[in-house]
Amino acid sequence: MLRAPGMGYGECEDQSVPDAMTILPEYPPTCGLTELKPKALEEVADIRVFAYIQNGGWCWSNSGVVYSAKRNEITLIDVLTDPKQTGKLLQQVERALPGAKLKTLVLTHCDVDHIGGYQLVQDQVEEVYAAKDCEGAMKAFYQSNMGAKVSLLHYAWTLLDNPLTRRAFGGGETIPSWLAKIAIAPLFDPFAWDTVSGWSEVSQGKFVTSELQDQRLTINEHITLMTTNVSCGGGRVRFVGDILFNGITPLIWSGTIHDALRVADDFGKNWDGFIVPGHGAIQHSSQKPFETSSGYWKTLLNIYEDKGRSEFSRQGVLQLLPPVYRNWADAERTLINLWVHELHENNPASKANKLGLIAKYTSHKPL
Ligand SMILES: [Zn+2]
């Protein structure tokens, strides 16, 4: 497929670490693979746990590696947004664990940025585990021809991104929705979408949708897949996918703010260990990330309930967010959370149109 020049240039190292990111001194936010060494894991000689961290915003997600020395086998937790970034991840895994067999893939959830590199591992892994709605999400993504769409957007935006357009549309609170649909290009440009396989190739793989019993599935003696996270090392490390972002405004694409709040509250209770968020640096439960997250969702419920009948505006929402949340990277994504909540409050069965909502967000965030 034709790649628009200038697309697919993204490197984690070029992304700035958000000022609001909470840092553990022993696990600084450097791009790439880091071995986690919690004391509790020292007793389990068989297991080594690594996190692959990227620090930026849209689509710069994290991944995880659990290695069993006894079996010389690797379980990978999530792949990255595109084959290019996932290739870098796999190279680092090979360097850290030479000769180990990549046996299992576990997906925390199936948003694009956690599945886009699937084609690189589908022939290697023997097992894939994911929650029930994952196969539909995979199919939708691999049938979407994202490479062609992003190429078109890229070309259109190249034509429009000039001082004249910026002067004409960039000065106000919002930009017209037709322009916003094109102005989302820079969010997607960094990734090599054109190298993503089509559904016909991916569907030949061994994709498995797992039924969770009592909200959990034991994958082996070290790893359990649960509805909201992957737990390993006797629960001392949790890969929580996008139920937690560190220093970056989280996004809910399904359910309501009530659901996000319930998950954050559940996690905040009686648990001690390391947390690998879906996006941003490694955290520890002692930093109380889920309490912070819970406070954010409660704030959003208040904003939503006080809104009356008016539309949410960027300035309005930013003014209502306390500094701790306003300082998170991309605080404007709060608008998306409020729109998704509104959609599912009114119609719980409806599905959020992600690209449409990202365009709506872009119309509120001046060029
Ligand atoms: Zn994500």
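Residues numbered from 1 in each chain as written. Predicted model: local features only at pLDDT ≥ 70, side-chain atom pairs only at ≥ 80, totals over all residues. Heavy atoms only, no water.

1. Examining the pattern of salt bridges
Working definition: two side chains of opposite charge can pair if their charged atoms are close together. The cut-off we apply is this: Any Lys or Arg side-chain nitrogen found within 4 Å of a carboxyl oxygen on Asp or Glu counts as a salt bridge. To qualify as a helix, a DSSP run of H or I must reach at least 4 residues; to qualify as a strand, a run of E must reach at least 2; elements of each kind are numbered from the N terminus. When a residue's accessible area, from a 1.4 Å probe over protein chains only, is under 20% of the maximum for its type it is buried; when over 50% it is exposed; and in between it is partly exposed.
Within this structure, the stated rule accounts for 17 salt bridges. Where Asp-111 meets Lys-354, a salt bridge forms, and the shortest distance between an N and an O atom there is 2.9 Å. Highlighted residues: Asp-111 in the loop between β5 (101-106) and α3 (112-115) and Lys-354 in helix α15 (residues 354-364), separated in sequence by 243 residues. Classification of Asp-111 as buried rests on a relative accessible area of 16%. Here Lys-354 falls in the partly exposed class, since its relative accessible area comes to 32%. If you follow the salt bridges from partner to partner, you end up with Glu-11, Glu-13, Lys-84 and Lys-88 in one network.

2. Concerning the coordination of the zinc ion
Ideal coordination angles are 109.5 degrees for a metal with four donors arranged tetrahedrally and 90 or 180 degrees for a metal with six donors arranged octahedrally. Our working definition: Keep in mind that water is not among the atoms, so a site may look incomplete; donors are the N, O and S atoms within 2.8 Å of the metal, or 3.2 Å for Na, K and Ca.
Within the first shell, the zinc ion binds the protein through Asp-113 (OD), His-114 (NE2), Asp-242 (OD), Asp-242 (OD) and His-279 (NE2), at distances of 2.1 to 2.8 Å. Of note, the donors binding the zinc ion are all from one chain and are spaced D-H-x127-D-x36-H. Of the two residues, Asp-113 is situated in helix α3 and His-279 in strand β11 (residues 274-279); the sequence distance between them amounts to 166 residues. Under the relative-accessibility criterion, Asp-113 is labelled buried at 7%.

3. What about the domain arrangement of the protein chain?
Rules: Domain start and stop positions are those given by an automatic or database domain assignment. Residues count as neighbours in contact if any of their non-hydrogen atoms are within 4.5 Å of one another. In this description, buried area is defined as the sum, over both parts, of the accessible area (probe of 1.4 Å) that is lost when the two are combined.
Taken as a whole, the protein chain is organised into domain 1 (12-144 + 191-364) and domain 2 (146-188). Each of domain 1 and domain 2 has a C-alpha centre, and these two points are 28 Å apart. Contacts between the two partners involve 16 residues from domain 1, matched on the other side by 13 residues from domain 2. Here domain 1 and domain 2 share an interface that buries about 1,400 Å² over both sides, 68% of which is from carbon and sulfur atoms. The largest per-residue losses of area from domain 1 upon contact with domain 2 belong to Ser-144, Trp-193 and Ser-363, which jointly make up 37% of the total buried on that side.

4. As for α15
Counted only if it meets this: Throughout this description, a polar contact denotes any pair of N or O atoms lying within 3.5 Å of each other; where both atoms belong to protein, one of them has to be capable of donating a hydrogen while the other can accept it, and for residues adjacent in sequence the pair is counted only when both atoms sit in side chains.
Listed in full, the buried residues belonging to α15 are Leu-357, Ile-358, Ala-359, Tyr-361, Thr-362, Ser-363 and His-364. Buried residues belonging to α15 abut α7 (177-183), α8 (185-188), α12 (314-320) and α14 (334-346). For α15, the N-terminal cap is Asn-353; the gap from its side-chain oxygen to the backbone nitrogen of Leu-355 is 3.4 Å.

5. Remarks on the state of the cysteines
To be explicit about the condition: Disulfide: a pair of cysteine sulfur atoms within 2.5 Å of each other.
All told, the structure shown has 2 disulfides when counted by the stated rule. Here Cys-110 engages in a disulfide with Cys-134; their sulfurs sit 1.6 Å apart. Note on the Cys-110 and Cys-134 pair: the S-S dihedral is about 90°, so by sign convention the disulfide is right-handed. Of this pair, Cys-110 sits in the loop between β5 and α3 while Cys-134 sits in helix α4 (residues 134-142); the two residues are 24 residues apart in sequence, bridging distant segments of the chain. Cys-134 shares its class with Cys-110; the two are buried. Going through the protein chain in sequence order and numbering each bonded cysteine, the pairs you get are 1-2, 3-4. Free cysteine Cys-59: the closest other cysteine sulfur is in Cys-12, separated by 13 Å. Note on Cys-59: relative accessible area 12%, which makes it buried.

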